[in-house]
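Okay, here's what each chain looks like letter by letter:
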Amino acid sequence: MSSTQECPPNGPEEKPVAPTGQSEQRIPWGFEWRSSIWFITLIVGIAITTDLLIYSMIVPIIPFRLQGLGYDGVSGLVGWLLFAYSAALVIFTAPIALLSEKYKNRKIPLICGEIALIGSQVLLMEAPTYWVMVIARIAQGISASVIWVVGLALICDSVPEKIVGKQLGLAMMGLSLGFLVGPPVAGALDKRFGFRGPFVFGIIVTVLELIGRLLIIERSAAERMDASITTLVGRNGSSAVVAYGATDEKREEQSTTVSTQAVPPDVENIAESSSRVPSRTPTVTDDRAQESQNPVHLSLVGLLIKLFKSPRALAAAFLALSDGIIISGLEPVLPLYLQSTYGLDVSKIGLVYIAAIVPSFVSSPLAGWYADRGGAIISTFICFVGTFPFCFLLFVRSNLAYFVSMYCLFSLFVAGSLSPITAEFASVTKSMEGVGYGHLYGAFNVAYGLGSALGPVIGGQLYDHLSPYEGWRALCIFFAALVLVSVVVTASYYGSPTYAHRAMEYIRKRRAARRGANDATVAAAAS
């Protein structure tokens, strides 16, 4: 008997088995690691690092470039360049999110965004006039909106729900790493190679990161290539059974639904005909696949209405806005305060920034890890409550060592809050029909972008209209008030069920128990 007669219906055993109704596809080189959760998280993290690296490298050298071109009022012109970046990031977030969810493709937008980033750097490096710089900054803002919307959505697409917070936390480390590396590298390259040095370095880093994006295999593409690999993107039969962020009742209901779901007959036949293709335990991914057959496409107006009707989505967006204001509000003020109060020069101010950013490498993944286990509500609540006292301790006059210590602890909690907030956005997506990860991370991007645009304006105005110490104290008190409001929002509207709901239920049960005990005492005394 020939070998062709012994082959199963779907083809020889050494070839991948394609799902019903799809053509067979050859397994590409490096299939498993290119579609793994760690590689995808790494590339998205590097993309975030690259975005912030280029952003932080350009800011300190653009003023001198404008002076070299003969412009006056440089500080105001730099402010408008920063505004152009933030405005583009906010404006283009909505169409990018809608298109990403409509066509269910993450890789192509990421590649296009990377090409736009390379082009913007070349344009900014060779810009002969100010308006060319504005166009370049708009292109950078568009590129940033792609990575913050599509990149985070790609992680949620590829990662089991039970570890999505940890993976988002690891990727968010790129935010601190980019800010940490950018300014000193820009200064050294500018001094050694001139104005073009930092831009050439940024282009090289971006090209290397583009190669990583080209190597990514999305989960949907990987499952079309070979649905038999149970270790695909780090999943096993039970890793995605419980949806991230679900309540206890929903977890039980969902687990029951998934466990009783039958394996399609064609999958069973494939498993029997070839020992290479084991049967899979159905997961939430299978439910998503069934839902994707009849997707609900919302218009921009319909999406906004749905988001505004969700207290959880609005609460998460407000917390992202709050974080954006606090993080960016210090940018124009901190160097001036350190110079006027402690007499620090540029190099020493850079060391203070490094000392403050390093703790975020611990807090960001740790907060994301705890969000997976203890819930995003607890993790976010701890971060904002922990931030509150340091808002006051920062303006206590003391020596430099005290200030650096307080600033490090302040940054530890502020940076840590971003991971559970992004994880909460992933959780909210589960409860909103027709709303995908791209939509919710678009909302996150808009909220954080607005905060990043408002923060420098608020901080600069408070500091400029008062004395250095009084301006610094006013800014810290403003941060404390914002953090306090964020704590109230977290307790009242964040997660499901909320802390406020849990507290009311606890009080109600205690009152009922006390009333029952009193009734029993009265009955015993009467008898």
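Computed from a predicted structure; not experimentally measured.

Conventions adopted
Residues numbered from 1 in each chain as written. Predicted model: local features only at pLDDT ≥ 70, side-chain atom pairs only at ≥ 80, totals over all residues. Heavy atoms only, no water. Helix = DSSP H or I, 4+ residues; strand = E, 2+ residues; numbered from the N terminus. Buried < 20%, exposed > 50% of the residue type's maximum accessible area, 1.4 Å probe, protein only. Contact = heavy atoms within 4.5 Å. Phe/Tyr/Trp six-rings, centres within 6.5 Å; stacked < 30°, edge-to-face > 60°. Lys NZ or Arg CZ within 6 Å of the ring centre and 35° of its normal. Salt bridge = Lys/Arg side-chain N within 4 Å of Asp/Glu carboxyl O.

Engineer: Honestly, the overall build of the chain in this entry has me stumped. Any pointers?
Structural biologist: Counting secondary structure elements, the chain contains 23 helices and 0 strands. Out of the 527 residues in the chain, the part that is buried amounts to 48%. Sequence separation of 24 or more characterises 80% of the internal contacts of the chain that already satisfy a separation of 6 or more.

Engineer: Sorry if this is basic, but what is going on with the packing of aromatic side chains here?
Structural biologist: Aromatic ring pairs are described here by two measures, namely the spacing of the ring centres and the angle between the planes. The final tally for this structure, using the stated rule, is 20 aromatic pairs. Ring pairs connect the aromatic residues Tyr337, Tyr342, Phe403, Tyr407 and Trp472, which therefore count as one cluster. Sitting above the plane of the phenylalanine 193 ring, arginine 192 keeps its charged end 5.0 Å from the centroid. Its guanidinium or amino end placed over the ring of tyrosine 469, arginine 397 lies 3.8 Å from that ring's centre, counting from NZ or CZ.

Engineer: Looking at this structure, how should I read the environment of alanine 500?
Structural biologist: Along the chain, the position of alanine 500 falls in helix H23 (residues 499-526). The exposure class of alanine 500 is partly exposed, given its relative accessible area of 32%. In this structure the C-alpha to C-alpha distance between alanine 500 and threonine 490, which are 10 residues apart in sequence, comes to 9.1 Å. Residues in contact with alanine 500, not counting those within four places in the same chain, are Ala491 and Ser492.

Engineer: What is the right way to read the pattern of salt bridges from this model?
Structural biologist: Side chains that differ in charge, positive against negative, can pair when their charged atoms come close. One pass over the full model with this rule turns up 6 salt bridges. As a salt-bridge pair, glutamate 114 and arginine 213 come within 2.7 Å of each other at their nearest N and O atoms. Residue glutamate 114 is found in helix H6 (residues 107-125), and its partner arginine 213 is found in helix H9 (residues 196-215); the two are separated by 99 residues along the sequence. Residue glutamate 114 shares its accessibility class with arginine 213, and that shared class is buried. For arginine 213, the salt bridge identified is with glutamate 209, shortest N-O distance 2.7 Å. With a gap of 4 residues between them, arginine 213 and glutamate 209 both fall in helix H9, about one helical turn apart. In terms of burial, arginine 213 and glutamate 209 fall into one category: buried. When salt bridges with common partners are traced through the structure, they connect Glu114, Glu209 and Arg213 into a single cluster.

By themselves, these figures tell us nothing about what the structure is for.
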